[in-house]
There are 4 protein chains.
Amino acid sequence: MSIFVNQVQVSFGDCDPAGIVFYPNYFRWMDATFHAFLHDRVGGHAKLCRDLGARGLGLMEAKLSFRLPATEGRALEFAIEAIEWSGRSFTVNYRAVQGARVILEGYERRGVFVEKDGRLAAGDVAPVQEILG
Amino acid sequence: MSIFVNQVQVSFGDCDPAGIVFYPNYFRWMDATFHAFLHDRVGGHAKLCRDLGARGLGLMEAKLSFRLPATEGRALEFAIEAIEWSGRSFTVNYRAVQGARVILEGYERRGVFVEKDGRLAAGDVAPVQEILG
Amino acid sequence: MSIFVNQVQVSFGDCDPAGIVFYPNYFRWMDATFHAFLHDRVGGHAKLCRDLGARGLGLMEAKLSFRLPATEGRALEFAIEAIEWSGRSFTVNYRAVQGARVILEGYERRGVFVEKDGRLAAGDVAPVQEILG
Amino acid sequence: MSIFVNQVQVSFGDCDPAGIVFYPNYFRWMDATFHAFLHDRVGGHAKLCRDLGARGLGLMEAKLSFRLPATEGRALEFAIEAIEWSGRSFTVNYRAVQGARVILEGYERRGVFVEKDGRLAAGDVAPVQEILG
């Protein structure tokens, strides 16, 4: 069972001259799914950062494997399937479907960035796990 | 009363370093609202173009007046308020709100582009008006 | 003569299924042209805001008239043609060409937004005119 | 030595409320770099598809590892470092820098999609390798 599902609208303008979704949009929707999840659980990224004294839950890595092209004009169900926690990063696993069609699978690896001596550095993710996990 | 309302998700990544929506996104959502309207009424842009023998319902002009900044993490209700038909173009009037807050007002002027002697030209909009009006 | 010209790369992914530029991208490039201009003249938006004690040079209105479709794979020359100053807003006029082809004309009306009693309000543009005009 | 380098403009509007580049834009620039490469070598994606009888050089997988945040207002040098060819896909390796700062590394795995019995399927990449390799 998914942890969270975000309904995404796939529009004409999201597609390229080949008639299929311009792939960076899938990453945009993956990020939007993460932020919708934060709003659902903790009132959003800004509030979470204030609570944690952090600058942002930024990206270290992002990957998507594209299985089938999404169809324009239909909702895409972008789901968080699992979150894996390690020392200074956590990995959010995603899967998106249109009905029975699996469109993509992938993940974001994120860190909790805090300012330290004027630079951004990845901090311990344990406090985030307590809140979100 | 609005002709059509499209629920738009406003996400963290749609905002700029000033913390407000990066304004080209409003135009993206205006276009998405038009295409959602086409899906609702006639099965989408591709089907409408096949029915009309046209290449696209392309843009001649687009304008937005920004009243108040939209808040991230909340739906934006992007509505079509009226469509005005003239000879070779039609104007779609929009208004977007978040609850009682009017976020923007504006319009798209669109033509029906057909290929003629290897070039795109704006054709008569009467057949579109019959279908959509 | 143009005040400033920004070379924009028009790529495959900027185009829609009709094979022409997805129009919100033109607004993205208009904004990028304004910010490139700020970098060229005053070291960027962030520096200008610090100098002015402002939150941002935000949008009140944006309009584009599309003359001819831009061709993918060729540079688009996005130019600032004139800036008109009034009390609490200024209007930046743009024109974009590919060679001899005029692709679009339009404008942004911007204000200087300052925080006042916890709200954003448009301030006097005279200090901006002194710097940019 | 890089196979190809694409100069990318990083603008204010490409950044998010945390003040750093909204990461899907890096994927947009990766794709734009691939298409700029195609224009440089073979006259663009459309021409290559006509030559190959293909529908598109579509994505199977895309991954980026983010090393350091890119600075707004400075060019990003997005480079193709290597292309690896296998049976029905090829992997394009990228690296992007701002001066001495490595911003990211990653890859796109692409296929040559051809229509076969009304469906898109990945064809042999050998003809693409002959042209691009």
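Residues numbered from 1 in each chain as written. Chains lettered and ligands numbered in written order. Predicted model: local features only at pLDDT ≥ 70, side-chain atom pairs only at ≥ 80, totals over all residues. Heavy atoms only, no water.

For this particular structure, what's the right way to read the overall build of chain A?
Along the backbone of chain A there are three helices and seven strands. In sequence order, the secondary structure elements of chain A are arranged as β-α-α-β-β-β-β-β-β-α. Taking 2.2 N^0.38 as the reference for a compact globule, 133 residues should give roughly 14 Å; the C-alpha atoms of chain A span a radius of gyration of 16 Å, in line with that estimate. Principal axes of the C-alpha set define a box for chain A whose edges measure 50 × 30 × 25 Å. Taking all 133 residues of chain A together, 56% fall into the buried category. Relative to all contacts within chain A whose residues are 6 or more apart in sequence, the contacts with residues 24 or more apart total 64%. Of the roughly 5,600 Å² of accessible surface on chain A, a fraction of 47% belongs to carbon and sulfur atoms. Of the side-chain charges in chain A, 15 are positive and 16 negative, and the distance between the mean point of each set is 2 Å. (Helix = DSSP H or I, 4+ residues; strand = E, 2+ residues; numbered from the N terminus. Rg over C-alpha atoms; globule rule 2.2 N^0.38 Å. Buried < 20%, exposed > 50% of the residue type's maximum accessible area, 1.4 Å probe, protein only. Contact = heavy atoms within 4.5 Å. Areas by Shrake-Rupley, 256 points an atom, 1.4 Å probe, with all protein chains shown as cover. Lys, Arg positive; Asp, Glu negative; His and termini not counted. Charge placed at Lys NZ, Arg CZ, Asp CG, Glu CD.)

Would you mind going over the relation of the copies chain A and chain D with me for this structure?
Structural alignment of chain A on chain D gives an RMSD of 0.0 Å, achieved by rotating through 180° and translating 0.0 Å along the axis. What the superposition gives is, in effect, a two-fold axis relating one chain to the other. If distances are taken from each C-alpha of chain A to the rotation axis, the shortest is found for Lys63(A), at 2.1 Å. A shared binding surface is used by both copies, with 100% of the interface residues of chain A retained as interface residues in chain D. (Least-squares fit on C-alpha atoms with pLDDT ≥ 70 in both.)

I keep staring at the layout of surface pockets and nothing clicks. Help me out?
Any space left empty among the atoms is revealed by the rolling of a water-sized probe across them. Taken as a whole, the largest pocket encloses approximately 1,200 Å³ of empty space. Considering the residues around the largest pocket, the lining is formed by 47 residues, among which Ala18(B), Gly19(B), Ile20(B), Pro69(B) and Arg55(C) are closest to the centre. Going through the elements one at a time, α2 (45-52) of chain A, β5 (101-110) of chain B together with α1 (24-42), β2 (59-66) and β7 (119-123) of chain C are the ones with two or more residues in the lining of the largest pocket. Counting residues per element, the lining of the largest pocket draws most heavily on α2(A), at five residues. (1 Å grid on protein atoms, 1.4 Å probe; cavity = no way out; pocket = protein on both sides within 12 Å on 5 of 7 lines; lining within 4 Å. Points joined across faces, edges and corners; volume = space filled by probe spheres on them.)

Any chance you could explain the interface of chain C and chain A here in plain terms?
If you look at the interface, chain C gives eight residues, while chain A gives eight residues. Taken together, both faces of the contact between chain C and chain A bury some 690 Å²; the carbon and sulfur share is 76%. If you sort the residues of chain C by the area they bury against chain A, Phe12(C), Gly13(C) and Pro17(C) come out on top, with a joint share of 63%. Linking chain C to chain A there are zero salt bridges. Summed over the shared surface of chain C and chain A, the result is zero residue pairs in polar contact (both at pLDDT 80 or more). (Buried area = accessible area lost by both parts, 1.4 Å probe. Salt bridge = Lys/Arg side-chain N within 4 Å of Asp/Glu carboxyl O. Polar contact = N/O pair within 3.5 Å; in protein donor to acceptor, adjacent residues only side chain to side chain.)

Looking at this structure, how should I read α2(A)?
One turn of an α-helix holds 3.6 residues; hence residues three or four places apart share an orientation. Residue and element names in this part refer to chain A. Here α2 has its buried residues at His-45, Leu-48 and Cys-49. Down the axis of α2, the buried side of the element spans an arc of 100°, and every buried residue falls inside it. Here the buried face of α2 lies against α1 (24-42) and α3 (126-132). Once α2 ends, the next one or two residues include Gly-53, with phi positive near 65°. (Arc of directions from axis to C-beta.)

Please explain empty space enclosed by the protein as it appears in this structure.
Counting across every chain of the model gives one cavity of 30 Å³ or more. Every residue lining the largest cavity is counted, 28 residues in all, and those nearest its centre are Arg28(A), Arg28(B), Arg28(C), Asn25(D) and Arg28(D). For the lining of the largest cavity, the elements supplying multiple residues, two or more each, are α1 of chain A, α1 (24-42) of chain B, α1 of chain C together with α1 (24-42) of chain D. Tallied by class, residues from the lining of the largest cavity come to 12 nonpolar, eight polar and eight charged. (Nonpolar A, V, L, I, M, F, W, Y, C, P; charged D, E, K, R; others polar.)

Looking at this structure, how should I read the sheet that holds strand β2 (residues 59-66) of chain D?
Across a sheet, strands are paired by hydrogen bonds formed along the backbone, either parallel or antiparallel in direction. Spatially, the 10 strands line up as an open sheet ordered β1(A)-β3(A)-β4(A)-β5(A)-β2(A)-β2(D)-β5(D)-β4(D)-β3(D)-β1(D), and their pairing is antiparallel. In this open sheet, the two strands that pair with only one neighbour each are β1 (4-9) of chain A together with β1 (4-9) of chain D. For this sheet, the mean angle separating the axes of adjacent strands, direction not counted, is 20°. Taken together, the eight bridges between strand β3 (residues 75-85) of chain A and strand β4 (residues 90-98) of chain A define a ladder with antiparallel strand orientation. Bridging from a neighbouring strand, Trp85(A) pairs with Phe90(A) of β4(A). Across the sheet, α1(A) touches β1, β2 (59-66), β3, β4 and β5 (101-110) of chain A together with β2 of chain D, and the angle it forms with β1(A) is around 130°. (Pairing = 2+ DSSP bridges. Axes fitted to C-alpha atoms, helices over the stretch in contact; angles between N-to-C directions.)

Hey, could you run me through the side chain of Asp16(C) in this one?
Mapped onto the secondary structure, Asp16(C) falls in the loop between β1 (4-9) and α1. There is no salt bridge for the buried Asp16(C), and the closest opposite charge comes from Arg55(B), which lies 7.6 Å off by N-O distance. In terms of polar contacts, Asp16(C) uses its side chain to reach the backbone amide nitrogen of Ala18(C), at 2.8 Å.

Which parts of the structure should I look at to understand the pattern of salt bridges?
Close approach of charged atoms allows side chains of opposite charge to pair. Scanning all chains against the criterion turns up 40 salt bridges over all chains. For Glu115(C), the salt bridge identified is with Arg55(C), shortest N-O distance 3.2 Å. Residue Glu115(C) is located in strand β6 (residues 112-116), and its partner Arg55(C) is located in the loop between α2 (45-52) and β2; the two are separated by 60 residues in the primary sequence. Judged by its relative accessible area of 35%, Arg55(C) is partly exposed. Glu105(D) is paired through a salt bridge with Arg95(D); the nearest N and O atoms lie 3.6 Å apart. Of the two residues, Glu105(D) sits in strand β5 (residues 101-110) while Arg95(D) sits in strand β4 (residues 90-98), which places them 10 residues apart along the sequence.

Is there a simple way to explain the interface of chain A and chain D in this structure?
Contacts between the two partners involve 20 residues from chain A, matched on the other side by 20 residues from chain D. Applying the counting criterion to the chain A and chain D interface returns two salt bridges. The salt bridge partner of Glu61(D) is Lys63(A), with a shortest N-O separation of 3.6 Å. Taken together, the connections running from chain A to chain D amount to 10 residue pairs in polar contact (both at pLDDT 80 or more). Those elements that place two or more of their residues in the side of chain A that touches chain D are α1, β2 and β5 of chain A. It is β2(A) that provides the largest number of residues to the side of chain A that touches chain D, a total of eight residues. Classifying every residue of the side of chain A that touches chain D by side-chain character gives 12 nonpolar, one polar and seven charged. As judged from the five bridges shared by β2(A) and β2(D), these two strands associate in the antiparallel manner. Counterpart to Glu61(A) in the pairing with β2(D) is Ser65(D).

So what exactly am I meant to see when it comes to the sheet that holds β2(C) here?
Here 10 strands make up an open sheet; going across it, the order is β1(B)-β3(B)-β4(B)-β5(B)-β2(B)-β2(C)-β5(C)-β4(C)-β3(C)-β1(C) and the pairing antiparallel. Edge positions in the sheet fall to β1 (4-9) of chain B together with β1 of chain C, since each of these pairs with one other strand and no more. Strand-to-strand twist across the sheet, computed as the mean angle between neighbouring axes with direction ignored, equals 20°. Two elements, β2(C) and strand β5 (residues 101-110) of chain C, share seven bridges in a ladder whose sense is antiparallel.

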